[in-house]
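Analysis of the macromolecular model
Here's the letter readout for the chains.
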Amino acid sequence: MNSKTTQATAVAHPNIALVKYWGKCDVERNIPAVGSLSITLGGLTTTTTVRFDPELEHDVFVLGGRETPKKTERVVACLDRMRRHAGVSHYAVVESDNDFPTAAGLASSASGFAALVVAANAALGAGLEGSELADLACRASGSAPRSLFGGFVELELTPDGPHPTETRQLLEPLAWPLRVQIAVTDPGPKAVGSTEGMLMTELTSPYYPAWVESSAADLADARAAIDRRDFEALADISESSCLKMHAVMMSARPGLVYWNGATVECISRVRELRAKGVPVFFTIDAGPQVKAVCLPEASEGVGRALGDIPGVTSLLESGLGDGARVVGGGRCGKRDDSTSSTPMRENTAGCGASPAVAGSW
Ligand code: DP6
């Protein structure tokens, strides 16, 4: 390695939104049209190493061991913004690995870009923190700033503030240790990506204005339910936000249907369980996988009930986890084992000194 080469590795977990983001108010700057609220899944991990090297002639992006020129454009755009901040012009090699299916509605772009900005920030010694780092993550993907934080996280629209959005942790992972069973019904990549799907929806769905208008009330209800640790109330608002988002997607022209038959079977099964008093609710992103969010004591039974459904090809289980953190290298003097990693909390980021919170995977 050249002496001017700098490198850092970061890990991040995907998050799933309970109050969904779908639509942009500024496409150019990728500013969401609605706020969102999510939980960070400690059991699924993206690990990303960024190496800036003066001898490179262009950026290289390697995902899951393969160079992926198709996806490089967004990574390069994100690196360019970070290089501008740091006043550095070196190209980089970015190597990223997911231990879960990529681009299938499991929020791999959220964890991917959260890990990328945290690793690049450390490798460049850029010293970006809190809202600045969250802005850069959001420019890359609107769900990514939420993966900078652990536990329960809200991304709020702040059009009158110094930043267009602010992301903050509402609760640490162990403050309400929900569990999630993910029923994978098709591990392949989705036909229409979120960015394209959102634009189509905004342009063609007659229901889009109502979707945007109703979001603030959904966020307030979800926030209040989390505050009270009121599972039933959180279940109601989360399922409603999910179904409303899919309704607005389906009402685009052409309609976006991310579900398959097994997705619908899983929804029915979760509803049956809940009607019998099992503390579980479903949520689904831009893909056919169903995430069943439950209280810890219900998790095993929920997993069994979903695993029996024909068309469910695998199940993943996760507890809540920490925010993105540096796990190796970097100019801000991080270490190499994950026990002393530094997850983001509140608005402290990247090279901050918050102690680690144990994940519950
Ligand atoms: C359905 O964050 O992937 O998962 O900003 O265009 O990259 P871009 O979109 P992305 O969209 C996520 C949409 C969602 C809902 C959510 O996570 O809030």
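Structure: see above.
Figured I'd write up the structure that's included with this text.

The rules behind each value
Each chain has its residues counted from 1, running along the sequence as written. Given that the model is predicted, a residue must reach a pLDDT of at least 70 before its local features are reported, and side-chain atom pairs must reach 80 or more before they are shown or counted; all residues, however, enter totals for whole chains, interfaces and linings. By convention in this description, side-chain values take in all heavy atoms of the structure and omit both hydrogens and water. Secondary structure is summarised from DSSP: a helix means a run of H or I of at least four residues, a strand means a run of E of at least two, and numbering begins at the N terminus for each. For every residue, the accessible area (1.4 Å probe, protein chains only) is compared with the maximum for its type, and the residue is labelled buried under 20%, exposed over 50%, or partly exposed between those bounds. Contact criterion: two residues are considered in contact whenever any of their non-hydrogen atoms come within 4.5 Å of each other. Only the protein chains shown count as cover for residues, and the accessible areas themselves come from Shrake-Rupley with a 1.4 Å probe. Pairs of N or O atoms are called polar contacts if they sit within 3.5 Å, as long as, within protein, a hydrogen donor faces a hydrogen acceptor (for residues adjacent in sequence, only side-chain-to-side-chain pairs). In this analysis, strands are considered paired if DSSP registers two or more bridges between them. Where helices are involved, their axes are fitted lines through C-alpha atoms of the stretch in contact, as for all axes, and angles between N-to-C directions lie from 0 to 180°. Only Phe, Tyr and Trp rings take part, Trp by its six-membered ring, and two of them pair if their centres are within 6.5 Å. Stacked means planes under 30 degrees apart, edge-to-face means over 60, and tilted covers everything else. Proximity is defined per residue: any heavy atom of the residue falling within 4 Å of a molecule or strand makes that residue near it. Each residue is assigned to one class: nonpolar for Ala, Val, Leu, Ile, Met, Phe, Trp, Tyr, Cys and Pro, charged for Asp, Glu, Lys and Arg, and polar for all the others, Gly among them. Salt bridges are counted wherever a side-chain nitrogen of Lys or Arg sits within 4 Å of a carboxyl oxygen of Asp or Glu. Cavity means a closed set of points on a 1 Å grid over the protein atoms alone, one where a 1.4 Å probe fits but cannot get out, pocket means an open set with protein on both sides within 12 Å along at least 5 of 7 lines, and lining means a residue has an atom within 4 Å of a point. Grid points are joined across faces, edges and corners, and a volume is the space filled by probe spheres set on the points.

Next up on the list: the overall build of the chain. Helix and strand counts for the chain come out as 8 helices and 16 strands. Taking all 361 residues of the chain together, the buried fraction comes to 57%. Look at the contacts in the chain between residues 6 or more apart in sequence, and 74% of them connect residues 24 or more apart. Looking at the chain as shown, the accessible area adds up to about 14400 Å², and 52% of this sits on carbon and sulfur atoms.

What follows concerns the side chain of Arg83. Along the chain, Arg83 turns up in helix 1 (residues 69–86). Overall, the relative accessible area of 5% leaves Arg83 in the buried class. A distance of 2.7 Å separates a polar atom in the side chain of Arg83 from a polar atom in the side chain of Asp59. When sequence neighbours within four positions are dropped, the list of residues in contact with Arg83 reads Phe52, Asp59, Val76, Val88, Ser89, His90, Tyr91, Ala92 and Leu124.

Let's shift gears to the sheet that holds strand 8 (residues 66–67). Here we have 6 strands laid out as an open sheet, ordered 8-7-9-6-1-16, and mixed in their pairing. Strands with a single pairing partner mark the edges of an open sheet, and in this sheet they are strand 8 and strand 16 (325–329). Bridge count between strand 6 (residues 46–53) and strand 9 (residues 91–98): 8 bridges; the pairing is antiparallel. Looking across to strand 9, one finds that Arg51 is bridged to Val93. Where helix 1 meets the sheet, it contacts strand 6, strand 7 (60–63), strand 8 and strand 9, and its direction lies at approximately 125° from that of strand 9. Packing against the sheet, helix 2 (residues 108–124) makes contact with strand 1 (6–12), strand 6, strand 9 and strand 16, and its axis sits at approximately 35° to strand 6.

Using the criterion set out here, one finds 3 aromatic pairs in the structure. Judged by centre distance (5.7 Å) and plane angle (15°), the rings of Phe152 and Trp176 are stacked. Of this pair, Phe152 sits in strand 10 (residues 152–157) while Trp176 sits in the loop between strand 11 (165–171) and strand 12 (179–184), and the two are 24 residues apart along the sequence. What makes Phe152 buried here is its relative accessible area of 0%.

A few words now on the site of the ligand. Lining the immediate environment of the ligand, one finds 18 residues, of which Tyr21, Lys24, Arg74, Ser143 and Thr195 sit closest. Contacts to the ligand include Gly142, whose backbone N or O atom sits 2.6 Å from an oxygen atom. Considering each element in turn, the shell around the ligand owes the most residues, 3 residues, to helix 4 (residues 194–204). When the residues that make up the shell around the ligand are grouped by side-chain class, the tally is 6 nonpolar, 7 polar and 5 charged.

Here the structure, examined in full by the defined rule, presents 16 salt bridges. Between Asp53 and Arg51 there is a salt bridge, with its nearest N and O atoms 2.9 Å apart. Notably, a salt bridge pairs Arg274 with Glu239, separated by 3.3 Å at the nearest N-O pair. With Arg274 in helix 7 (residues 261–275) and Glu239 in helix 6 (residues 231–250), the pair connects residues that are 35 residues apart, well separated along the chain.

Moving on, we get to the layout of surface pockets. Here the second largest pocket defines a volume of roughly 250 Å³. Around the second largest pocket sit 13 residues that line it, and Arg81, Asp135, Leu136, Arg139 and Pro164 are the ones nearest its centre. Of all the secondary-structure elements, those providing two or more residues to the lining of the second largest pocket are helix 1 and helix 3 (130–140). Among the elements that line the lining of the second largest pocket, the one with the most residues is helix 3, at 5 residues. Along the lines of polarity and charge, the residues of the lining of the second largest pocket split into 4 nonpolar, 3 polar and 6 charged.

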